[in-house]
Amino acid sequence: MKNNILLYLTIISIFSFNTYSQKAKLATADKKYDNYAYVDAIKTYERVAEKGYKSADMFKKLGNAYYFNAELDKAAKWYGELFAMNTPDLEPEYYYRYSQSLRSIGENDKANEMLELFNQKLGNDNRGKLFKKNTNYLEAIKANSGRYQVEDAGINSKYSDYGTTIYLNKIVFASARDTGSLGHRKHTWTNQYFTNLYSADLGDNMTPSSPHKFSATINSKFHESTPAFTNDGKTMYFTRNNYLDGKKGKDGNEITLVKIYKASLENDKWSNITELPFDSNNYSTAHPALSPDGKILYFASDMPGTLGQSDLYKVKINDDGTFGTPENLGNTINTEGRETFPFVNDENEIYFASDGHPGLGGLDVFVSKINPDGTFSEVQNVGENVNSPKDDFAYLIDTKSRRGFFSSNRDGGQGYDDIYKFLETKRLICEQLLYGEITDLTTAELLSDAKITLYDSQFNLISTTTSDAKGNYSFTVECGKTYNVRAEKPEYTTKEQKITITNDKGKTYLPIALEKEKCKVTVGDDLGKCFGIKMIYFDFDKSNIRIEAAIDLEKILDVMSQYPTMKLDIRSHTDSRGTFKYNEALSDRRAKSTINWLIKNGIDSSRLTGKGFGESQLVNKCSDTVECTEEEHQLNRRSEFIITAL
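These numbers were taken from a predicted model, which means no experiment stands behind them. (Residues numbered from 1 in each chain as written. Predicted model: local features only at pLDDT ≥ 70, side-chain atom pairs only at ≥ 80, totals over all residues. Heavy atoms only, no water.)

## A look at the packing of aromatic side chains
Tallied over the full model, the rule gives 31 aromatic pairs. Between Phe 83 and Tyr 95 the ring centres are 4.9 Å apart and the planes differ by 80 degrees, which places this aromatic pair in the edge-to-face class. Taken together, the residues span a long stretch of sequence, with Phe 83 in helix 5 (residues 72-84) and Tyr 95 in helix 6 (residues 92-104) at a distance of twelve residues. Residue Tyr 95 is classed as buried on the basis of its relative accessible area, which comes to 11%. Summarising the aromatic geometry, the rings of Phe 214 and Phe 229 are spaced 5.9 Å apart at their centres and angled 65 degrees between planes, so their arrangement reads as edge-to-face. Of this pair, Phe 214 sits in the loop between strand 8 (212-213) and strand 9 (224-229) while Phe 229 sits in strand 9, placing them 15 residues apart in sequence. Under the relative-accessibility criterion, Phe 214 is labelled buried at 16%. Site record: aromatic cluster; members linked through ring pairs are Tyr 148, Tyr 351, Tyr 395, Phe 406, Tyr 420 and Phe 422. (Phe/Tyr/Trp six-rings, centres within 6.5 Å; stacked < 30°, edge-to-face > 60°. Helix = DSSP H or I, 4+ residues; strand = E, 2+ residues; numbered from the N terminus. Buried < 20%, exposed > 50% of the residue type's maximum accessible area, 1.4 Å probe, protein only.)

Structure (structure tokens):
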């Protein structure tokens with residue numbers, strides 16, 4: 001949205017960066033990188049599996065790794081191994097993923113079989129039916145999800161056109177269009193003509209006719225915009241640069257801001273133009289909107305007490321025409337960003353534009369219910385169609401016909417800003433904000449640019465976003481529904497989480513921690529943590545390697561083969577139950593058995609050391625005399641593979 005549209009309520013900040021400092025930090029990071037080994041866990045899983053080891057968890061990870069990267073032929077291979085194990089209670093979604101993977105390699109009959117099983121387990125899921133018909137159902141769902149029919153209003157020019165209101169069956173709006181007058185002047189910041197007010201008659205379905213200038217007494221050589229009219233049509237409020245009776249006002253920085261003015265209709269002409277008593281040369285007031293009964297004026301301002309760059313305010317209009325004291329609408333409506341362009345309808349709803357509330361980008365249109373006590377209900381984003389990645393603002397709706405107008409600088413318009421008309425086909429339902437942060441599981445580092453995808457309970461695609469610089473993401477979701485949230489980022493294992501939204505308006509917090517596919521390890525780290533190896537399991541009171549332990553040791557073996565200079569110190573620990581001497585001897589035998597297995601499978605003995613520590617290095621309070629749960633004791637029964645050299 002261009003500077004003149006907000007009429008200078010936007011504060012522009014300029015940041016400088018120390019290039020030399022950034023280069024120094026990069027050089028330091030490069031040196032640290034040289035001291036680490038990056039272990040590709042997925043490739044290790046694959047090599048272990050190729051040796052004939054079978055694990056449902058391993059096959060899930062392998063299948064998902066390729067499925068999420070659209071390598072469906074490879075996904076089919078590992079999902080096939082998963083299903084060959086006849087794993088009980090397998091999640092229904094794997095039937096669907098396997099069916100898609102099978103179809104990619106031409107095995108349609110088996111794919112249909114998997115879809116039938118999927119439907120049996122999860123219900124009459126539309127994906128199965130639509131997929132059989134080779135229909136792009138995701139696009140169909142997306143096309144049917146909007147609540148608005150939107151089209152060009154038919155009054156736009158190649159210049160800025162925005163900010164509509166309804167007056168005596170006319171639409172009145174601001175425009176920077178050139179009418180050819182020699183007196184027209186351009187603003188030096190934008191090379192656009194200053195905006196004047198224009199009007200157009202409204203026909204059937206609120207379709208505007210050809211526009212013409214609204215009033216010679218209202219329009220000046222500076223900006224006019226966003227008028228509001230009383231119900232009797234005899235009083236109007238409008239925004240204009242600080243200019244009245246041929247005099248231009250400026251603030252302490254010699255900048256002409258904007259004010260709200262009032263005018264009266266006398267003898268079919270607008271006159272008696274006055275500024276409102278709470279206007280000032282030192283801050284802006286703009287975009288007036290009247291309550292349906294005409295007793296409250298809402299507006300935007302950056303006056304003292306504003307929470308952000310611009311806030312929404314209200315002021316009481318007394319019976320004698322005087323005004324009360326402006327009141328900030330509070331932090332339910334206002335944020336640290338911009339709130340502007342208010343509109344209040346006869347259903348006690350306030351619509352406004354904001355770039356502070358979570359949206360699709362730029363200014364979005366939001367709505368909140370005005371409660372009887374003057375407070376506001378939870379703010380809701382009105383959704384796509386009206387909102388876009390660009391600036392969307394100046395929304396108004398007729399509650400009887402559900403038709404209205406809004407302004408936007410979205411792609412595909414005719415000018416810098418354009419006016420769109422709409423028909424609301426579905427009323428806004430109860431919604432919540434689903435939000436959270438994406439972090440690194442090990443370091444808790446906030447992860448930006450992670451892809452976050454929202455699915456419904458049957459994994460139909462709803463929306464996709466990316467985490468911002470602080471790892472934040474958000475979606476607008478419906479109350480009472482169950483969703484699946486998928487987070488993915490290069491070099492991390494994709495993760496899905498299920499969440500059920502409560503039946504009340506508000507917010508639901510869902511943080512997601514991603515695990516690195518490539519573990520960053522250095523001397524002193526436990527290599528076993530790369531693969532979630534907490535314990536190498538042995539038969540009770542024995543030290544021979546079990547098949548489950550062999551699968552984990554194959555992972556260690558693979559990494560040591562990839563890094564021939566890596567050395568490990570293998571440490572075995574027990575809990576405190578049993579005598580100290582017995583635990584020490586048993587753990588030592590197990591450490592030696594682990595070392596012997598690795599030597600037998602090709603690792604030089606000079607690269608391995610090890611010892612059993614029994615119960616001498618407990619990680620919690622669970623010593624001999626302390627009562628602990630089985631889970632607490634389990635923390636002390638552990639195997640460690642400490643890197644001593646790289």
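## A word on the sheet that holds strand 17 (residues 311-316)
Hydrogen bonds between backbone groups are what pair the strands of a sheet, and the pairing can be parallel or antiparallel. Reading across from one edge, 15-16-17-18 is the order of the four strands in this open sheet, with antiparallel pairing throughout. Strands at the two margins of the open sheet, each flanked by one partner only, are strand 15 (285-290) and strand 18 (327-328). Where strand 16 (residues 296-301) lies against strand 17, six bridges are found, and the strand directions are antiparallel. Within strand 17, the residue paired with Phe 299 across the bridge is Tyr 313. (Pairing = 2+ DSSP bridges.)

## What about helix 7 (residues 108-122)?
At 3.6 residues per turn, the α-helix brings residues three or four places apart onto the same side. The terminal C-alpha atoms of helix 7, which comprises 15 residues, lie 21 Å apart, in line with the 21 Å expected from a rise of 1.5 Å per residue. Residues of helix 7 that are buried: Ala 111, Met 114, Leu 115, Phe 118 and Asn 119. End-on, the buried residues of helix 7 take up no more than an arc of 140 degrees, which puts them together on one face. Facing away from the buried side of helix 7 by over 90 degrees, the exposed positions are Asp 109 and Gln 120. (Expected span 1.5 Å × (residues − 1). Arc of directions from axis to C-beta.)

## Regarding the packing of helix 10 (residues 547-562) against helix 11 (residues 580-600)
Taken N-terminus to C-terminus, the directions of helix 10 and helix 11 make an angle of 60 degrees; their axes are 11 Å apart at the nearest point. Overall, the two elements helix 10 and helix 11 adopt an arrangement that is oblique. Crossing of helix 10 over helix 11 shows right-handed handedness. Residues Ala 550, Leu 553, Glu 554, Ile 556 and Leu 557 of helix 10 lie in contact with helix 11, whose contacting residues are Thr 594, Trp 597 and Leu 598. (Axes fitted to C-alpha atoms, helices over the stretch in contact; angles between N-to-C directions. Parallel < 35°, antiparallel > 145°, perpendicular 65-115°, else oblique. Left-handed = near helix turned anticlockwise from the far one by under 90°. Contact = heavy atoms within 4.5 Å.)

## A short note on the nonpolar core
With 53 residues, the main nonpolar core has Leu 527, Ile 556, Leu 568, Leu 598, Leu 608 and Phe 641 as its most contacted residues. Sorting elements by how many residues they give to this core places helix 10 first, with eight residues. If you look at the next biggest cluster of nonpolar residues, it comprises 23 residues, including Ile 155, Ala 200, Phe 343 and Phe 405. (Core = buried A, V, L, I, M, F, W, Y, C linked by side-chain atoms within 4.5 Å.)

## A look at the pairing of strand 36 (residues 567-573)
With five of seven residues buried, strand 36 is to be regarded as a mostly interior element. Where strand 36 and strand 38 (residues 638-645) come together, seven bridges link them in antiparallel fashion. Residue pairing in the sheet places Ser 572 in a bridge with Ser 639 of strand 38. Here strand 36 runs beside strand 37 (residues 608-614); their pairing, made up of six bridges, is parallel. Pairing of Ser 572 across the sheet is with Gly 612, part of strand 37. A crossover links strand 36 with its parallel partner strand 37, the connecting element being helix 11, and its sense is right-handed. (Right-handed = clockwise from strand over helix to strand, strands pointing away.)

## Considerations on the side chain of Arg 410
Along the chain, the position of Arg 410 falls in the loop between strand 24 (403-408) and strand 25 (418-424). Take Arg 410: its relative accessible area is 16%, and that puts it in the buried class. There is a polar contact of 2.3 Å between the side chain of Arg 410 and the backbone oxygen of Val 386. Beyond its immediate chain neighbours, meaning those up to four positions away, Arg 410 contacts Asn 385, Val 386, Asn 387, Ser 388, Lys 390, Asp 392 and Tyr 420. (Polar contact = N/O pair within 3.5 Å; in protein donor to acceptor, adjacent residues only side chain to side chain.)

## A few points about the packing of helix 3 (residues 41-50) against helix 10
At their nearest, the axes of helix 3 and helix 10 sit 9 Å apart, and the two run at 115 degrees to each other. Relative to helix 10, the crossing made by helix 3 is right-handed. Residues Thr 44, Tyr 45, Arg 47 and Val 48 of helix 3 form the contact with helix 10, whose participating residues are Ile 551, Glu 554, Lys 555, Asp 558, Val 559 and Gln 562.

## Here we look at the sheet that holds strand 32 (residues 495-500)
With respect to topology, four strands assemble into an open sheet ordered 28-27-30-32, the strand pairing being antiparallel. One side of each edge strand has no neighbouring strand; the edge strands of this open sheet are strand 28 (461-466) and strand 32. Strand-to-strand, the axes of this sheet are offset by a mean angle of 20 degrees, without reference to chain direction.

## Some thoughts on unusual backbone geometry
Phi is mostly negative for residues that are not glycine, and the peptide bonds are mostly trans. Unusually for a residue other than glycine, Leu 168 sits at a positive phi of about 50 degrees. Its place among the elements puts Leu 168 in the loop between strand 3 (161-167) and strand 4 (170-175). Here the phi dihedral of Asn 267 falls at roughly 55 degrees; this positive angle occurs in a residue that is not glycine. In this fold, Asn 267 is placed in the loop between strand 13 (258-266) and strand 14 (269-275). Among the residues examined, Asn 267 registers a relative accessible area of 76% and is labelled exposed.

## Digging into the state of the cysteines
The final tally for this structure, using the stated rule, is two disulfides. In this model Cys 519 forms its disulfide with Cys 530; the gap between the sulfur atoms is 2.5 Å. Residue Cys 519 is found in strand 35 (residues 518-521), and its partner Cys 530 is found in the loop between strand 35 and helix 10; the two are separated by eleven residues along the sequence. Of the residues examined, Cys 519 reaches a relative accessible area of 11% and is grouped as buried. Judged by its relative accessible area of 4%, Cys 530 falls in the buried class. (Disulfide = S-S within 2.5 Å.)

## Some words on the environment of Lys 567
Along the chain, Lys 567 falls in strand 36. C-alpha of Lys 567 to C-alpha of Ile 642: the two residues are 75 residues apart in sequence and 8.4 Å apart in space. For Lys 567, the contacting residues outside a window of four places in its chain are Ser 606, Arg 607, Ile 642, Ile 643, Thr 644 and Ala 645.

## What to know about the environment of Phe 531
For Phe 531, the location among the structural elements is in the loop between strand 35 and helix 10. On the basis of relative accessibility, which here comes to 7%, the residue Phe 531 falls in the buried class. Remark: the alpha-carbon pair of Phe 531 and Cys 519, spanning twelve residues in sequence, is separated by 8.8 Å.

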